Amino acid sequence: MTRAIVLDIEGTTSPTDSVRTDLYGYTEKHLPQWLADNASGAAESVIATTRELAGEPTAETPRIAEILTGWLHSDVKAEPLKAAQGAICAQGFRAGELHGRFFDDVVPAMNAWHAAGFHLYIYSSGSERNQRDWFTYATPGNLSPLITDHFDLVTAGPKRDTESYDVIADRIATAPEQILFLSDHPDELDAATAAGWQAIGVHRPGEPHPPRPPHRWVSSFTEVDP
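A few points on the structure. Every value quoted in this text rests on a predicted model; they were computed, and no experiment measured them.

Moving on, we get to the nonpolar core. Grouped together as the largest cluster of nonpolar side chains are 51 residues, with contacts concentrated most on Trp34, Leu35, Trp113, Phe135 and Leu182. No other element matches the 7 residues that helix α1 (residues 16-37) contributes to this core. The contact partners of Leu35, leaving out residues within four places of it in the chain, are Ala43, Val46, Ile47, Thr61, Ile64, Ala65 and Leu68. Counting residues in each nonpolar core, the second largest holds 19 residues, with Tyr121, Ala156, Ile179 and Ala199 among its members.

Among the residues making up helix α5 (residues 106-115), those that are buried are Val106, Val107, Ala109, Met110 and Trp113. Along the axis of α5, the buried residues cluster in a sector spanning 160°; they form a single face. Residues of α5 that are exposed and point more than 90 degrees away from the buried face comprise Pro108 and Ala115. Contact partners of the buried residues in α5: β1 (4-7), β2 (119-123), α6 (128-136), β3 (147-151) and β4 (179-183). Two residues or fewer after α5 comes Gly117, characterised by a positive phi angle close to 100°.

Here we take up the packing of aromatic side chains. For any pair of aromatic rings, the description rests on two quantities: the centre-to-centre distance and the angle between the ring planes. Counted by the stated rule, this structure contains 10 aromatic pairs. For the pair Phe102 and Trp134, a centre-to-centre distance of 6.3 Å together with 55° between the ring planes defines the contact as tilted. Taken together, the positions of Phe102 in the loop between α4 (79-94) and α5 and Trp134 in helix α6 put the pair 32 residues apart, joining distant regions of the chain. Take Phe102 and Trp134: they sit in the same class, and that class is buried. Note on Tyr121 and Phe151: the rings are 6.2 Å apart at their centroids and 40° apart in plane angle, and the pair reads as tilted. In this pair, Tyr121 sits in strand β2 while Phe151 sits in strand β3, placing the two residues 30 residues apart along the sequence. Pair check on accessibility: Tyr121 and Phe151 agree, each one buried. The structure contains a cluster of three or more aromatic residues connected by ring pairs, namely Phe93, Phe102, Trp134, Phe135 and Tyr137.

This paragraph deals with unusual backbone geometry. In this structure, the amide linkage connecting Pro213 to the following residue, Pro214, adopts the cis form with an omega of 10°. Of note, Pro214 is situated in the loop between β5 (198-202) and β6 (216-218). At Ala173, a residue that is not glycine, the phi angle is positive and equals roughly 50°. Take Ala173: it is sitting in the loop between α7 (162-171) and β4. The exposure class of Ala173 is exposed, given its relative accessible area of 61%.

Reading the values: rules and limits
Residues numbered from 1 in each chain as written. Predicted model: local features only at pLDDT ≥ 70, side-chain atom pairs only at ≥ 80, totals over all residues. Heavy atoms only, no water. Core = buried A, V, L, I, M, F, W, Y, C linked by side-chain atoms within 4.5 Å. Buried < 20%, exposed > 50% of the residue type's maximum accessible area, 1.4 Å probe, protein only. Helix = DSSP H or I, 4+ residues; strand = E, 2+ residues; numbered from the N terminus. Contact = heavy atoms within 4.5 Å. Arc of directions from axis to C-beta. Phe/Tyr/Trp six-rings, centres within 6.5 Å; stacked < 30°, edge-to-face > 60°.

What follows is the structure, given as structure tokens:
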């Protein structure tokens, strides 16, 4: 019996392009100025951690921007990049310049699952801050009331590590076999099932990750019956 449904974002609830073009593009555009304006405030820890991870202890703000932009283009899941992206995009969401975009079948399914009593959670490599804004400032309207909680690489761990799914199961106080995970990435499905979760792959036209056995795959949330 399923009690909780955990959803990935990129490629699962939302087009990969909507994340890469909208959030990544907005971050790259505003990153240098945000670092310069907040070097002794909100960006201070981002700068310090980037210097440490890059092995450049004396790097100035323009160089920090170069390093973070390189990580952004390479899709490096680095904590300082996620923190910077969360802060920068938060401004964009609140200014009406960014909005969460979703596949057409997602919101009706989430509403139906929520109404049926399932607890819905989000687990994404994007920061919790970005996740919350993505659902709050969504093109279909505020979806945040449907979500019980959010998890990211900091609060749960890497998405391809089985231990991360153990952490989430403990946090939501739900037996692994009662959790259903939906993701477009086969490696994440592998890790979730290794932790004892139910898992279904989601592969939509135009999305990058092809289906891979032994998982069941669907092309729409309408095919999922928890």
